[in-house]
Amino acid sequence: MSLSRRDYILKLIVEYFIKNATPVGSHTLIEEYNLDVSSATIRNEMLALEKEGYLEKTHTSSGRVPSSKGYRYYIDHLRNESVDSRIKNEIANLLSERSLTVEQAITKSCEILSHMTNLASVMLGPNAKDEHLISVQLIPISTKTATVVFVTDKGYVENKTFIFDEDTEIKDIENCVKILNDRLKGTSVSLLIDKMEAIKPVLQNYVSDNDIIYQVFMEAFLKFARERISLFGKGQLFNQEDIASDAEKLRRVLNLFDSPDEMRNMLITDGSEDISISINDNDVSIITSKIKMPGQDDGTIALVGPKRMDYEKVVGALEYVAQELEKYFAKERNKNGRD
């Protein structure tokens, strides 16, 4: 990597601060990295970087720390592109299993990412507004137990197992399911709740005491209607000193995970870059990558942690996992196409 002196100094500052969490001064850089330039020269370069918005000066010392803009520039232009061999091995072992569903492959990959980077990971699926119910299926398990399976046109599946009382016959539930298919097939997931309310009186014609059945359907539709966000390794954030040591910051971060709309807005990108970074006012970084998913809209996986994270390791890991997942899905598509 051939860098200008200014870029090289910014790279060293970012990497030193990530490692040590202390503001960086000119003398620190010279001593730590044996730089063959004067302290005055480095100070001038640091001042220029500060004026350009890549560094910030702290109130506690004459040293400087990277700004959000500085981190972004580091990620895009200065980091070394390497991947931890442990992540390669874990992902290779996972994707050697040819029976994985799309959801299993992504879920297990996110769990590996969270464990290996010590960060929380997030999987974002299709928006419920663009998704439609295509079928409701009833699977009897016993004379008084059944499972209802709901499927959307994006491949999302939800199931509910329930027990019905002795006065209810399985054929009555089958009639209810038929009504749901007739009335709800093709309905946007975001409208299912309202439509379900509207047909409740019709269901009562078949099952007089239909509260249990009605609640089973409503719970499934409510889960459909929620934002498609799955979170893994939230507890890893308690191991991040920058967040765990600040109770108020930790509270705000945890609240972010409980706000699907805000989280979705932070995860959605314009699609122009393979890797995107978002740093919010809580000094939390969200690194995202798109994934082409078979038969579905693009999905998104992300890593969430403090602004002062090891971007070289984190971005390299996220890029690698996204690429390997896409290769896996493409290989499975080609194999199924030949079959």
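Residues numbered from 1 in each chain as written. Predicted model: local features only at pLDDT ≥ 70, side-chain atom pairs only at ≥ 80, totals over all residues. Heavy atoms only, no water.

**Comments concerning the overall build of the chain**
In terms of helices and strands, the chain carries 14 helices and 10 strands. A burial count over the chain gives 47% of its 339 residues as buried. Accessible surface for the chain amounts to roughly 17200 Å². Of this, 45% is attributable to carbon and sulfur atoms. (Helix = DSSP H or I, 4+ residues; strand = E, 2+ residues; numbered from the N terminus. Buried < 20%, exposed > 50% of the residue type's maximum accessible area, 1.4 Å probe, protein only. Areas by Shrake-Rupley, 256 points an atom, 1.4 Å probe, with all protein chains shown as cover.)

**A short note on the pairing of strand β4 (residues 133-142)**
One ladder, built from 8 bridges, connects β4 with strand β5 (residues 145-152); its direction is antiparallel. Within β5, the position partnered with Val 136 by the bridge is Phe 150. Remark: 2 residues form the turn of the hairpin made by β4 and β5, two consecutive strands paired antiparallel. (Pairing = 2+ DSSP bridges.)

**Points about the confidence of the model for the chain**
When pLDDT is averaged across the chain, the result is 83; 88% of the residues are at 70 or more. When pLDDT is averaged over each helix and strand of the chain, the minimum, 72, is found for helix α13 (residues 260-267) and the maximum, 95, for helix α3 (residues 39-51). (pLDDT = per-residue confidence, 0-100.)

**Section: the packing of helix α1 (residues 5-20) against helix α4 (residues 68-78)**
Two numbers describe a pair of packed helices, the interaxial angle and the distance between the axes. At a closest axis distance of 10 Å, the pairing of α1 and α4 adopts a crossing angle of 115°. With respect to their mutual orientation, α1 and α4 come out roughly perpendicular. As α1 runs across α4, the sense of the crossing is left-handed. In contact with Asp 7, Leu 10, Lys 11, Val 14, Glu 15, Phe 17 and Ile 18 of α1, α4 contributes Gly 70, Tyr 71, Tyr 73, Tyr 74 and Leu 78. Here the contact of α1 with α4 is composed, by residue class, of 8 nonpolar, 1 polar and 3 charged. (Axes fitted to C-alpha atoms, helices over the stretch in contact; angles between N-to-C directions. Parallel < 35°, antiparallel > 145°, perpendicular 65-115°, else oblique. Left-handed = near helix turned anticlockwise from the far one by under 90°. Contact = heavy atoms within 4.5 Å. Nonpolar A, V, L, I, M, F, W, Y, C, P; charged D, E, K, R; others polar.)

**Looking at the sheet that holds strand β3 (residues 120-124)**
In spatial order, the strands read β7-β3-β10-β9-β8; together these 5 strands make up an open sheet with antiparallel pairing. This sheet does not close on itself; its edge strands, each paired only once, are β7 (229-232) and β8 (275-279). The sheet shows a mean angle of 20° between the axes of neighbouring strands, direction not considered.

**Remarks on the sheet that holds strand β6 (residues 157-163)**
Spatial strand order, β4-β5-β6: 3 strands in an open sheet with antiparallel pairing. Across the chains shown, the open sheet's two edge strands, defined by having one partner strand only, are β4 and β6. For this sheet, the mean angle separating the axes of adjacent strands, direction not counted, is 15°. Sitting on the sheet, helix α7 (residues 170-184) is in contact with β4, β5 and β6, with an inclination near 170° to β4.

**Observations regarding the pattern of salt bridges**
Tallied over the entire structure, the rule returns 11 salt bridges. Across the pair Arg 64 and Glu 50 runs a salt bridge, and its minimum N-O distance is 2.7 Å. Residue Arg 64 is found in strand β2 (residues 64-66), and its partner Glu 50 is found in helix α3; the two are separated by 14 residues along the sequence. You can call Glu 50 partly exposed: its relative accessible area is 25%. Arg 79 is paired through a salt bridge with Glu 319; the nearest N and O atoms lie 3.1 Å apart. Here Arg 79 is found in the loop between α4 and α5 (85-95), whereas its partner Glu 319 is found in helix α14 (residues 311-338), with 240 residues between them in sequence. The exposure class assigned to Arg 79 is buried, which follows from its relative accessible area of 6%. (Salt bridge = Lys/Arg side-chain N within 4 Å of Asp/Glu carboxyl O.)

**Some remarks on the packing of aromatic side chains**
Per the stated rule, a full pass over the model turns up 3 aromatic pairs. A ring pair is formed by Tyr 328 and Phe 329, whose centres lie 5.9 Å apart and whose planes are at 65°; its orientation type is edge-to-face. By relative accessible area, which is 3% here, Phe 329 ends up buried. Sitting over the ring of Tyr 54, Lys 69 keeps its end group 4.6 Å from the ring centre. (Phe/Tyr/Trp six-rings, centres within 6.5 Å; stacked < 30°, edge-to-face > 60°. Lys NZ or Arg CZ within 6 Å of the ring centre and 35° of its normal.)

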